[in-house]
Amino acid sequence: MSELRYIYQYEVVAVILSIISALVLLSRKNLKRRKNKLFFVILILTALSGIFDVIADILINTLEKEISSGAPITINMQLLYFVQGGFLFVHNITPFVWFAYINTMVYKYKNRKLFFAITSIPCLAVLLMILTNPFTNLVYYFDNYVYTHGKGMFLLYAIAAIYIIVSLIQTIKYWSILPKGHAGFVLAFSLVTILGIVLQSIISNLLIELFFESISLFFMTFTIETEIQTRNPITKLYNQPSFMYETKRSIFHHTEREAVLLKLADIGHLNSTMGVDVVTRAMSEVGAFFMKLENGRFFDCDNGNIGMLFDNKKIRDATMEVIKDRFEKPFGDNKNHILFSPSIIYLSMPKDISSVEEMSMIVNAPYVRKGQYDKEVLSVLKRRLEVEEAIQRAIDNESLWVYYQPIFSKSENKINSAEALARIIDDKLGFISPAEFIPIAEKSGKIIQLGELVFKKVLQFCVDNKDAVKDLEYIEVNLSAIQLFDPDLYDSFSNIMKEYDVPSSFINFEITESAFIENQDSVLSAMDKFQKDGFTFSLDDFGTGYSNFSYLYDMKFKIVKLDKSILDKADNNIDADKTLGVMISMLQGIHFKVLQEGVESKEQEDKLFDYGIDYIQGYYHSKPLPEKDFLAFIK
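Residues numbered from 1 in each chain as written. Predicted model: local features only at pLDDT ≥ 70, side-chain atom pairs only at ≥ 80, totals over all residues. Heavy atoms only, no water.

Participant: Looking at this structure, I do not really get the environment of alanine 158. What am I missing?
Facilitator: Mapped onto the fold, alanine 158 is located in helix H7 (residues 153-173). Taking relative accessible area as the criterion, alanine 158 reaches 24% and is therefore assigned partly exposed. Alanine 158 sits 459 residues away from glutamine 617 along the chain, and the two C-alpha atoms are 81 Å apart. (Helix = DSSP H or I, 4+ residues; strand = E, 2+ residues; numbered from the N terminus. Buried < 20%, exposed > 50% of the residue type's maximum accessible area, 1.4 Å probe, protein only.)

Here it is, written out as structure tokens:
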């Protein structure tokens, strides 16, 4: 007779950990989503498996002791059959529920009920074998009181292994669409479970499989199954990462769903005018309203953006009528309330949305005005995303082009300098106007890298064509407001200068008047550092509506550039023409050189010469030219 004794203490720990995990989910009310419910079922099944198996192990150990000692058999064999069958029954449901849990996360199948009905057949077959085992002994039996596996036990292991292996494969295959951290924990659970099975098969009396499972489930409970991290603390709605996860699944599997973006208002403006406390109370009430709605899923995507997902247009339209009706009334208390004026964007997935980045762009786009929108907004935002990607490609590949527009000096009667102008000619989008990509680069922050690349290319151009450009006085390089506010601008440009044999006096930085007005102290500080190293500055777009002559007296600009709009008005308006002449004279009187932009005709040039202009720039002499054409032009 075998002296085998089962070591079941690890299973006792597994039961305790599983029960604790289940109670944590219950206490946090994390059972509203199908995924959470399935995870809760897995915890309960693990706890029940442990309870049944511990009882069975105690009975079998007692039975073996009685047989070994020759004592009378006191074990109730019907009870032993029941608890052993109960263990196998519950334990063999777990792999299928885990399989269902994984498939709920990856959300692959349109007809979910049919899919799970079909995939449950092997599990049902196994359960039927276990239920009928008392009559067939296919799975297990006691031969002279010795617990023995039947021929069907292999099938139980095989089907359980198939569910676990397929779940593991799906986790790896759909890794990219699972929420951050989920795939890793799911993979770890599968591997740890497999490790437990292997160890238990090697040391058959060490019942450690459930212990390994419960450890993994315990950590999953406090990480990916804890929805404190997936809900907005004010509205209690699921947060923006959860919305993006659902979007990613729909796009990946081409699942048809209706999405709606509700942009409530400019929350930053409301916070500054109404007060943070008032806005917080109103948003809390907004969240409570959406929590009561049943048909649809609702997400707080921050900054007053509410994301919504519906299974079809019929449900969407019916729910939106309720939502629009509610938003006709204010939120908050009677004294301090807010009447939101939401803009509503309707989108069909995956038809209207081809990537998570597109959805993120729409979510993070600023509130515009009250009204309903669809592809009108989408097309604009898609274009912005495409241009932003083109900017990044130009930076990564250093494929940015720099064109040079000649500047004519009246006193020297020749081209004496040029303005460097960034151009993007993308492989996918073709030529992109600076008027389009510069604002996008500024809003995205890519203007910092873009500006550094332009500066490098200008310096490299000067080094490569040293003899050809030696007669030029300087090259102008534009600096945007975003660059000027960057505290690392001076250091990064100084480091770049060290790589090239170009004197700092050959570089004249050009900044717009609006950039100077936005933050005069920051601009003056940056200018002072560069000017001490010998760089000079021009003030661009003077006269575009910000002009304030008083601040010019303390400025250290070498040149003031008059905006093209001033010249255009002077062509058709006598008063504007007189103003142009007075402006040139006044600026020269306080020791500025004056350049007129946008000169397109001989008549304009003659007029400006009469007014004593210092420099002219525009299509009359030349449009911006690629490097080779510019070199040929000045030659």
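Participant: What exactly am I supposed to notice about the packing of helix H3 (residues 77-106) against helix H4 (residues 112-119) here?
Facilitator: Two measures define how a pair of helices packs: the angle their axes make with one another and the distance between the axes. Two elements in contact, H3 and H4, have axes whose closest approach is 11 Å; the angle formed by their N-to-C orientations is 155 degrees. Taken together, H3 and H4 sit at an angle that is classed as roughly antiparallel. In the crossing of H3 with H4, the sense of the turn from one axis to the other is right-handed. Facing H3, whose interface residues are Phe96, Phe99, Ala100, Asn103 and Thr104, H4 presents Arg112, Phe115, Phe116 and Thr119. When its residues are assigned to classes, the contact of H3 with H4 shows 5 nonpolar, 3 polar and 1 charged. (Axes fitted to C-alpha atoms, helices over the stretch in contact; angles between N-to-C directions. Parallel < 35°, antiparallel > 145°, perpendicular 65-115°, else oblique. Left-handed = near helix turned anticlockwise from the far one by under 90°. Contact = heavy atoms within 4.5 Å. Nonpolar A, V, L, I, M, F, W, Y, C, P; charged D, E, K, R; others polar.)

Participant: In this structure, what is going on with H7? I would like to understand it.
Facilitator: Every α-helix carries 3.6 residues per turn, so stepping three or four residues along brings you back to the same face. End to end, H7 covers 30 Å across 21 residues, agreeing with the expected 30 Å (1.5 Å per residue, within 8%). Of all the residues in H7, the buried ones are Met153, Leu156, Ile159, Ala160, Tyr163, Ile164, Ser167, Leu168, Gln170 and Thr171. (Expected span 1.5 Å × (residues − 1).)

Participant: It is not clear to me how the packing of aromatic side chains should be interpreted in this structure. Could you clarify?
Facilitator: Each aromatic ring pair is described using two quantities: the centre-to-centre distance and the angle formed by the ring planes. Within this structure, the stated rule accounts for 38 aromatic pairs. Seen in terms of ring centroids, tyrosine 490 and phenylalanine 530 are 5.3 Å apart; in terms of plane orientation they differ by 70 degrees. Their pairing is edge-to-face. Remark: phenylalanine 530 occurs in helix H21 (residues 520-532) and tyrosine 490 occurs in helix H19 (residues 489-497); sequence separation between them is 40 residues. One aromatic cluster is present, built from ring pairs that chain together Phe289, Phe290, Phe298, Phe310, Phe327, Phe331 and Phe340. In this structure, arginine 326 is placed above the aromatic ring of phenylalanine 331, and the distance from its NZ or CZ to the ring centre is 3.7 Å. (Phe/Tyr/Trp six-rings, centres within 6.5 Å; stacked < 30°, edge-to-face > 60°. Lys NZ or Arg CZ within 6 Å of the ring centre and 35° of its normal.)

Participant: Looking at this model, I keep getting lost on the nonpolar core. Mind explaining?
Facilitator: Note on soluble globular proteins: their nonpolar side chains tend to be buried together. Core analysis: the biggest nonpolar cluster contains 70 residues, and Ile391, Tyr404, Phe455, Val458, Ile475, Phe509 and Leu562 have the highest contact counts within it. Sorting elements by how many residues they give to this core places helix H17 (residues 447-464) first, with 9 residues. Apart from the residues within four sequence positions on either side, phenylalanine 509 is in contact with Phe455, Val477, Leu479, Phe493, Phe530, Phe535, Thr536, Phe537 and Ser538. Grouped together as the second largest cluster of nonpolar side chains are 57 residues, Leu63, Ile177, Met220 and Tyr245 included. (Core = buried A, V, L, I, M, F, W, Y, C linked by side-chain atoms within 4.5 Å.)

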